[in-house]
Number of protein chains: 2
Amino acid sequence: MSVAYLNGRFLPLAEAQVSVLDRGFLFADGIYEVAAVIDGKLIDSASHLARLERSTGAIGIVLPLSLAEIEAAQKQLVARNGLTEGLVYLQVTRGADATRDFLPPPDIRPTLVMFTQARPFLDVPAVHRGIAVATMPDLRWARRDIKSVGLLAQAMAKRAAADAGAQEAWMVEDGHVTEGASSTAFIVTEDGIVTRPYSQAVLAGCTGAALGALAEESGIAVIRRPFTVEEALAAREAFITSASTLCQSVVRIDGQPIGDGTPGPVATRLRALYIDFARRTAV
Amino acid sequence: MSVAYLNGRFLPLAEAQVSVLDRGFLFADGIYEVAAVIDGKLIDSASHLARLERSTGAIGIVLPLSLAEIEAAQKQLVARNGLTEGLVYLQVTRGADATRDFLPPPDIRPTLVMFTQARPFLDVPAVHRGIAVATMPDLRWARRDIKSVGLLAQAMAKRAAADAGAQEAWMVEDGHVTEGASSTAFIVTEDGIVTRPYSQAVLAGCTGAALGALAEESGIAVIRRPFTVEEALAAREAFITSASTLCQSVVRIDGQPIGDGTPGPVATRLRALYIDFARRTAV
């Protein structure tokens, strides 16, 4: 039985419940983070916690614990679940009101929930074969830099991508790829690796940021500019990054092979560099 | 103690809880409706239930009850709470999974929750004085015709409007008013009443649709076209419609008075027509 954390208590995940008046449930008034766990340790934790603080700050939710206390609770959760490889999911919402009103009362207290998911990602078929992505119109709101739980557009895109035989959706706006539904999108050109610059149009990916720094350290240029679907189709390689996939090669976009249709050398090398970085810096 | 309905059971609202794995909580993967209650009866119920079915259909949630069964449960909830004037809130989500994944399992069962809010709206100061609105950039997603619980952008706009001393936010996109954060926006010109046409850019307001029909019956033209903030500022009158306000005059926009700065005759007349219609057709 998986153990969850809810507002200071550890309890069976199956018993972790929130009020129907919780604003996370009624208004998607909440923020989440997903961090990877390898060898029982948290990966790139400081980066995820810093983004959590940025997102909650952007919508005026005050975290009920310090970042150090949150990390300590995450570690305890990982230990209690005996998790060696998988994810820690964290969600903080503005909390439950006594009624439903768009304006919360000033004394509302946030809800903090965390649970783990045992999910191998180091040695899975998607790494060896690569994944297919399908492009979808980007229907999301204008503040994608805020990692809110308002994920219906992403869930719809993932559903449509799965129906098209793909494992991820790449969101397209004005002809340019913004990002994956739950990942950062990269292509490899002769000049280096290309990914969308940070703005309110995309989430600042933690894994992508670390991987970009590793690329630059190893002499691969990181070019932050929007790219089109046509450029992606003509690219040498394409790949995604996220906490739950780390780095995976994209070998087909909308059914068309990228490069020779197998995981390419740049993404494969960057994945190895990232896993090495992850293990070195795990906490 | 207020009574709620949750998945077939009536229970105290304070005890109504959902799993933290409910997709309404994790992904805003849910739909809601708010219907007014006057004299202990549901207002414009068929229209709200038809929209519920459209919204859930658009995202592939199968309602766990027929619309007639939902209405019967709403009536029972109104009776159990002794509600004479207020709102019935209804939310259906895709349900709780055993884990968190963007793709739900095929056998997931929806969550249906309803509760009431005693809230007078027939004889309140806002009716006599009118309300102030503040314009805000429309940051929402592209499928506003789906009444999803992904309401963070609306909550942020309402917060900013309240901070500016206004009771509602009017969302502006490309210089044109789309709608209120939780209402339909109208202006009154010499040609009739003007409101945005139906599209994916706005929610099809139930109260606004009924009020538009009443306006036409009484010889007031309804012109469905986008209007600008400048047009609104120069309008004879402005007003909003929603289940929770019915019809309220907007007497200030961004601090500038509309008309003579008091509720105008057209909105006042339409409000009276709507209340008469509501009482005649209540169930």
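The model shown is predicted, which means the values in this text are computed figures rather than measured ones. (Residues numbered from 1 in each chain as written. Chains lettered and ligands numbered in written order. Predicted model: local features only at pLDDT ≥ 70, side-chain atom pairs only at ≥ 80, totals over all residues. Heavy atoms only, no water.)

Draft legend 1. Structural view of the overall build of chain A. Summing up its helical and strand segments, chain A has 8 helices and 17 strands in all. Taken along the three principal axes of its C-alpha coordinates, chain A extends 55 × 40 × 35 Å. Considering chain A as a whole, with its 283 residues, one finds that 58% of them fall into the buried category. Split by element, the accessible area of chain A, about 10,800 Å² in all, is 53% carbon and sulfur. Averaging the coordinates of the 27 positive side-chain charges in chain A and doing the same for the 31 negative ones gives two points 3 Å apart. (Helix = DSSP H or I, 4+ residues; strand = E, 2+ residues; numbered from the N terminus. Buried < 20%, exposed > 50% of the residue type's maximum accessible area, 1.4 Å probe, protein only. Areas by Shrake-Rupley, 256 points an atom, 1.4 Å probe, with all protein chains shown as cover. Lys, Arg positive; Asp, Glu negative; His and termini not counted. Charge placed at Lys NZ, Arg CZ, Asp CG, Glu CD.)

Draft legend 2. Highlighting the interface of chain A and chain B. The partner chain B presents 51 residues to the 51 residues of chain A that form the contact. Carbon and sulfur atoms supply 69% of the area buried between chain A and chain B, which totals about 4,200 Å² over both sides. Our count for the contact surface shared by chain A and chain B stands at 2 salt bridges. With a shortest N-O distance of 3.7 Å, A:Asp101 and B:Arg119 are connected by a salt bridge. Remark: the boundary between chain A and chain B carries 19 residue pairs in polar contact (both at pLDDT 80 or more). Going through the elements one at a time, β3 (17-19), α1 (23-27), β4 (30-38), β6 (86-93), β7 (111-118) and α5 (152-163) of chain A are the ones with two or more residues in the side of chain A that touches chain B. Direction of pairing for β3(A) relative to strand β3 (residues 17-19) of chain B: antiparallel, over a ladder of 3 bridges. Each bridged residue has a counterpart across the sheet, and for A:Val18 the counterpart in β3(B) is B:Val18. (Contact = heavy atoms within 4.5 Å. Buried area = accessible area lost by both parts, 1.4 Å probe. Salt bridge = Lys/Arg side-chain N within 4 Å of Asp/Glu carboxyl O. Polar contact = N/O pair within 3.5 Å; in protein donor to acceptor, adjacent residues only side chain to side chain. Pairing = 2+ DSSP bridges.)

Draft legend 3. A look at the relation of the copies chain A and chain B. Taken as rigid bodies, chain A and chain B are interconverted by a rotation of 180° and an axial shift of 0.0 Å, the fit giving an RMSD of 0.0 Å. Taken together, the rotation angle and the small translation identify this as a two-fold axis. A symmetric contact is evident, with 100% of the interface residues of chain A recurring at the interface of chain B. (Least-squares fit on C-alpha atoms with pLDDT ≥ 70 in both.)

Draft legend 4. Just the packing of aromatic side chains, in detail. The full count for this structure, using the stated rule, is 14 aromatic pairs over all chains. Summarising the aromatic geometry, the rings of A:Tyr5 and A:Phe10 are spaced 5.5 Å apart at their centres and angled 75° between planes, so their arrangement reads as edge-to-face. On the basis of relative accessible area, A:Tyr5 is assigned to the buried category, the value being 6%. Residue A:Phe10 is classed as partly exposed on the basis of its relative accessible area of 22%. Between B:Trp170 and B:Phe227, the ring centres sit 6.0 Å apart and the planes meet at 65°, which makes this aromatic pair edge-to-face. Taken as a pair, B:Trp170 in strand β9 (residues 168-173) and B:Phe227 in strand β14 (residues 227-228) lie far apart in primary sequence, 57 residues in all. Among the residues examined, B:Trp170 registers a relative accessible area of 0% and is labelled buried. Looking at B:Phe227, the relative accessible area reads 0%, which means it is buried. It is A:Lys158 that lies over the ring of B:Phe102; its NZ or CZ is 5.1 Å from the centre. (Phe/Tyr/Trp six-rings, centres within 6.5 Å; stacked < 30°, edge-to-face > 60°. Lys NZ or Arg CZ within 6 Å of the ring centre and 35° of its normal.)

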